[in-house]
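Take a look at the letters that make up each chain.
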Amino acid sequence: MSQDRLIKIACSDCGHTLYSERRKKGDNIQKLEIKKYCSKCKKHKLFKEKKK
Ligand SMILES: [Zn+2]
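This one's a predicted model, so the numbers in the text were calculated from it and none came from an experiment.

1. What about the overall build of the protein chain?
When its secondary structure is counted, the protein chain shows zero helices and four strands. Starting at the N terminus and ending at the C terminus, the protein chain contains elements arranged as β-β-β-β. The buried share of the protein chain, reckoned over its 52 residues, is 8%. By sequence separation, contacts in the protein chain at least 24 residues apart represent 48% of the contacts at least 6 residues apart.

2. A short note on the pairing of strand S3 (residues 33-38)
By the bridge criterion, six bridges tie S3 to strand S4 (residues 43-49) in an arrangement that is antiparallel. When the bridges of S4 are listed, Cys38 appears paired with Lys43. Taken together, S3 and the strand that follows it, S4, pair antiparallel across an intervening segment of four residues, in which Lys42 is found at a positive phi of about 60°.

3. A few points about the environment of Ile7
Tracing the backbone through its elements, the reader meets Ile7 in strand S1 (residues 6-11). Sequence spacing of Ile7 and Leu18 is eleven residues, and the spatial spacing of their C-alpha atoms is 8.3 Å. What Ile7 contacts, discounting residues up to four positions off in sequence, is Ser20, Arg22, Leu32 and Glu49.

What counts, and where the lines are drawn
- Residues numbered from 1 in each chain as written.
- Predicted model: local features only at pLDDT ≥ 70, side-chain atom pairs only at ≥ 80, totals over all residues.
- Helix = DSSP H or I, 4+ residues; strand = E, 2+ residues; numbered from the N terminus.
- Buried ≥ 20, exposed ≤ 12 C-beta atoms within 10 Å, placed from the backbone.
- Contact = placed C-beta atoms within 7 Å.
- Pairing = 2+ DSSP bridges.

Below you can see the structure in the form of structure tokens.
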């Protein structure tokens, strides 16, 4: 019920940012890379977690 698992991810191509849910799998979650549809590129692109 909490929303504190949302992270910002950025398209590796154009830099467009989205929000994604952080998965808790116990192991490596420091470098999240995920394929998502980018509305700017109009394609599926690799998104990476954005660091502040
Ligand atoms: Zn993009």
